[in-house]
Amino acid sequence: MSAVPISTTPGTDDDAPVTSAAKPAAHRWISTAVGVVIIAFMLFPLYWMVNVSLQSGGGAVATPWFPAAPSFDGYVQAFNDQGRNLVTSLVVSLGSVVLSLVIAAPAAYALAQFRIRWATWVLFGVLITQMIPGIVVANALYSAFSDIGLLNSIPGLILADSTAGVPFAIIVMRAFMGSIPPSIVEAARVDGAGQLRAFVSVVLPMSRNALITAGLFTFLFAWGDFLFALTLTTTEDVRPVTLGLYQYIGTYVSDWSPIMATAVLSSLPAIVLLLVAQRYVAAGVTGGAVK
Amino acid sequence: MSTRADAGTLASASDAAARPPRDGVQPPSRGGRPARSSARTKARIAELAFLVPALVYLVLFFGYPVVKNLLMGFQEYTTKTFFTGEAPFVGLDNYSAVLSSSLFDKALLNTVLFTAGSILGQFVIGLAIAVFFRRSFPLNNVLRALLLLPWLVPLIASAAVWRWILDTDYGALNRALQLLPFVDGNPAWLTSTSLALIAVIGVNIWLGIPFNATILYGGLQEIPEELYEAGALDGATGWRAFRHITWPLLRPVVTVVLVLGVVYTLKVLDIILGLTNGGPANSTQTIATLSYVRSFKEFDFGQGAALGNVLVLLSLLFAVVYLRLNRKAVDE
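**Brief notes about the overall build of chain A**
Logical step 1: Regarding its fold elements, chain A presents 12 helices and zero strands.
Logical step 2: Each helix (α) and strand (β) of chain A, taken in turn from the N terminus, gives the series α-α-α-α-α-α-α-α-α-α-α-α.
Logical step 3: Counting across all 291 residues of chain A, residues that qualify as buried make up 57%.
Logical step 4: Contacts in chain A between residues at least 24 apart in sequence constitute 72% of all its contacts with a sequence separation of at least 6.
Logical step 5: Here chain A has roughly 12,100 Å² of accessible surface; of this, 66% comes from carbon and sulfur atoms.

**Describing the overall build of chain B**
Logical step 1: Of the regular secondary structure elements, chain B holds 15 helices and zero strands.
Logical step 2: Burial statistics for chain B: of 332 residues in total, 52% are counted as buried.
Logical step 3: Across chain B, every contact between residues at least 6 apart in sequence was considered, and the portion connecting residues at least 24 apart equals 63%.
Logical step 4: Carbon and sulfur atoms provide 65% of the accessible area of chain B, an area that totals close to 15,700 Å².

**Digging into the interface of chain A and chain B**
Logical step 1: Listed by partner, the interface residues are 113 residues for chain A and 106 residues for chain B.
Logical step 2: Considering only the surface of chain A that becomes buried against chain B, Met42, Met131 and Asn139 of chain A emerge as the three largest contributors, covering 7% of it.
Logical step 3: Counting across the chain A and chain B interface gives zero salt bridges.
Logical step 4: Along the contact surface separating chain A from chain B lie 16 residue pairs in polar contact (both at pLDDT 80 or more).
Logical step 5: The element that contributes the greatest number of residues to the side of chain A that touches chain B is helix 1 (residues 25-53) of chain A, accounting for 17 residues.

**Looking at the confidence of the model for chain B**
Logical step 1: For chain B, per-residue confidence averages 84 on the pLDDT scale, and 86% of positions sit at 70 or higher.
Logical step 2: This stretch, residues 1-32 of chain B, has a pLDDT under 50; its non-local contacts, to residues over four places away or in other chains, come to 26 contacts.

**Points about the environment of tryptophan 247 of chain B**
Residue and element names in this part refer to chain B.
Logical step 1: With respect to the secondary-structure elements, tryptophan 247 resides in helix 12 (residues 238-266).
Logical step 2: A sequence separation of 27 residues divides tryptophan 247 from leucine 220, and the C-alpha atoms of the two residues are 9.3 Å apart.
Logical step 3: Once residues lying within four places of it in the same chain are set aside, the contact partners of tryptophan 247 are Phe123, Leu127, Phe242 and Val254.

**Looking at the pattern of salt bridges**
Logical step 1: The final tally for this structure, using the stated rule, is four salt bridges over all chains.
Logical step 2: For glutamate 236 of chain A, the salt bridge is made with arginine 239 of chain A, and the minimal N-O distance between the two is 3.9 Å.
Logical step 3: Salt-bridge contacts for glutamate 47 of chain B lead to arginine 44 of chain B; the nearest nitrogen and oxygen are separated by 3.2 Å. With a gap of three residues between them, glutamate 47 of chain B and arginine 44 of chain B both fall in helix 2 (residues 33-72), about one helical turn apart.

**With respect to the confidence of the model for chain A**
Residue and element names in this part refer to chain A.
Logical step 1: Confidence in the prediction of chain A, expressed as mean pLDDT, is 85, and 88% of residues score 70 or more.
Logical step 2: Across chain A, helix 9 (residues 227-232) holds the top mean pLDDT of 96, while helix 12 (residues 278-290) sits lowest at 67.
Logical step 3: Within the model, the stretch residues 1-21 combines pLDDT values under 50 with 23 contacts to residues more than four positions away or in other chains.

**Side note on a nonpolar patch on the surface**
Residues and elements named next belong to chain A.
Logical step 1: A cluster of nonpolar side chains, Leu268, Ile271, Val272, Leu275 and Val276, forms an exposed patch at the surface whose accessible area comes to about 460 Å².
Logical step 2: With respect to the helices, strands and loops of the structure, valine 276 is situated in helix 11 (residues 256-276).
Logical step 3: On the accessibility criterion, valine 276 (65% relative accessible area) is exposed.

Rules and cut-offs
- Residues numbered from 1 in each chain as written.
- Chains lettered and ligands numbered in written order.
- Predicted model: local features only at pLDDT ≥ 70, side-chain atom pairs only at ≥ 80, totals over all residues.
- Heavy atoms only, no water.
- Helix = DSSP H or I, 4+ residues; strand = E, 2+ residues; numbered from the N terminus.
- Buried < 20%, exposed > 50% of the residue type's maximum accessible area, 1.4 Å probe, protein only.
- Contact = heavy atoms within 4.5 Å.
- Areas by Shrake-Rupley, 256 points an atom, 1.4 Å probe, with all protein chains shown as cover.
- Buried area = accessible area lost by both parts, 1.4 Å probe.
- Salt bridge = Lys/Arg side-chain N within 4 Å of Asp/Glu carboxyl O.
- Polar contact = N/O pair within 3.5 Å; in protein donor to acceptor, adjacent residues only side chain to side chain.
- pLDDT = per-residue confidence, 0-100.
- Patch = residues over 30% accessible without salt bridge, like charges linked within 9 Å, V, L, I, M, F, W, Y side chains within 5 Å.

This is the structure:
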């Protein structure tokens with residue numbers, strides 16, 4: 001992935017139109033200004049989320065445009081009301097990452113490297129899963145989970161939330177593992193490593209980036225899940241923060257600052273991941289879609 | 001493909017060659033059929049073992065729900081079922097009940113409007129932003145990364161903040177509109193039956209722009225620079241360059257983005273429930289939300305399943321296109 005999209009190669013003719021290095025610096029900063037305006041528009045709702053969360057005593061009145069006197073009361077209440085739900089979300093999301101990677105990584109490797117005649121069909125199947133609406137899955141899982149006692153349980157949510165992570169992880173990791181030269185695995189096998197050991201000690205370390213990308217997105221999918229939280233939990237015992245937020249909107253509309261504080265807290269993973277792992281995020285967005 | 005095939009045979013051959021000496025057994029001759037084929041079978045089983053967990057998971061969490069929904073669509077599946085364990089088959093009763101209700105027509109229309117409106121908006125704006133970011137300018141990368149944020153934040157968090165932004169009396173949008181000279185009165189974005197669907201589509205467009213822009217930007221980067229240089233020599237710049245160079249070469253990516261967008265948008269539920277709960281007066285009810293209401297509000301899982309199956313059918317129409325597009329990518 002090249003960081004800078006366009007660069008001039010020395011020696012080409014001077015008036016290449018799209019190559020904007022030739023343009024005066026001022027012209028390029030105008031583009032930057034336009035870009036900033038676009039992003040400001042797009043990010044306004046997120047700014048508003050933070051702004052409202054920092055307002056004190058935010059009854060249902062017009063929120064000031066800026067948090068001139070920031071107050072953390074909203075966050076205190078959010079932690080009191082939703083702290084437990086945040087922990088639930090964290091546990092479920094981490095569980096879903098582990099489950100999805102354990103299931104998807106070997107499968108991705110098999111689909112990428114082994115000579116399996118029906119591999120294409122498996123891959124078709126994986127792609128088709130994208131077309132199955134969550135509500136259809138929830139509909140069936142509700143009665144199945146109710147029979148085997150997985151309603152209102154962390155394992156139940158981990159299993160259901162991984163319906164987003166597993167297909168995505170297979171697709172992203174398979175694309176990457178296809179580019180590992182078979183000769184490297186062969187070398188390990190000749191040294192006496194079994195298929196599994198070669199996979200664990202050679203393929204997985206080499207696929208580090210793909211694993212991180214798949215893991216990050218699996219985490220975000222499970223963290224952001226709302227449908228399964230809504231349909232597969234019926235009590236307050238196990239309640240992810242997304243559902244907590246939804247019920248907040250329904251009950252507390254007199255005071256928006258704890259609601260927005262909860263929204264900010266529930267958005268933190270996305271923000272943190274984008275800051276520390278931007279290249280993996282970018283790889284995931286394109287990898288999941290076009291492959 | 002052929003290198004992979006070689007690797008496969010190599011693998012089983014080296015298995016056969018490497019193992020026997022360690023076991024202290026005579027190495028089988030090259031032509032030793034039983035030893036060789038059993039080693040190969042073993043290797044084959046080891047390979048399949050890699051796929052088993054994924055296959056089991058996919059069958060349980062996608063295959064089973066699809067089959068189960070098909071069955072439930074023909075059953076009277078209500079709260080009673082959970083106590084008695086009985087779900088009598090009722091033929092097409094669920095479907096006729098669902099399809100004949102006036103709410104279905106409304107939900108179907110809303111689904112089509114919601115999907116078409118969302119996709120159109122997301123795609124046009126996303127493409128414009130992608131084309132814009134092809135320019136080289138300071139901070140380009142940083143801004144492009146920030147653009148992803150709305151897409152990564154939990155949908156329900158976005159829905160929550162939009163609810164407040166779109167509030168009739170105190171929402172930021174109406175307060176901004178008040179500053180404009182020609183607007184009078186406060187549009188009731190989420191609480192009027194005529195505006196709610198538009199508002200929900202607007203929010204969904206906002207949500208989809210990052211995805212569209214990022215994928216399309218990736219597609220634009222694949223187009224070789226030389227084509228534009230050559231085009232410029234023939235006088236194709238600006239709009240003409242876009243029409244004759246960018247658009248034709250971007251077509252494959254465009255198709256993928258549009259079909260994926262349709263498939264994802266058809267099943268959207270979170271954002272509608274978070275913003276309007278399908279209201280007011282069902283004006284934002286879609287097939288997906290209606291299926292949720294039937295199953296989990298009214299506990300008529302049979303009707304909920306029937307609606308879910310209608311949704312799957314709609315998606316399948318697009319799936320055909322989707323698979324055709326992906327066949328190429330898969331075969332490579």
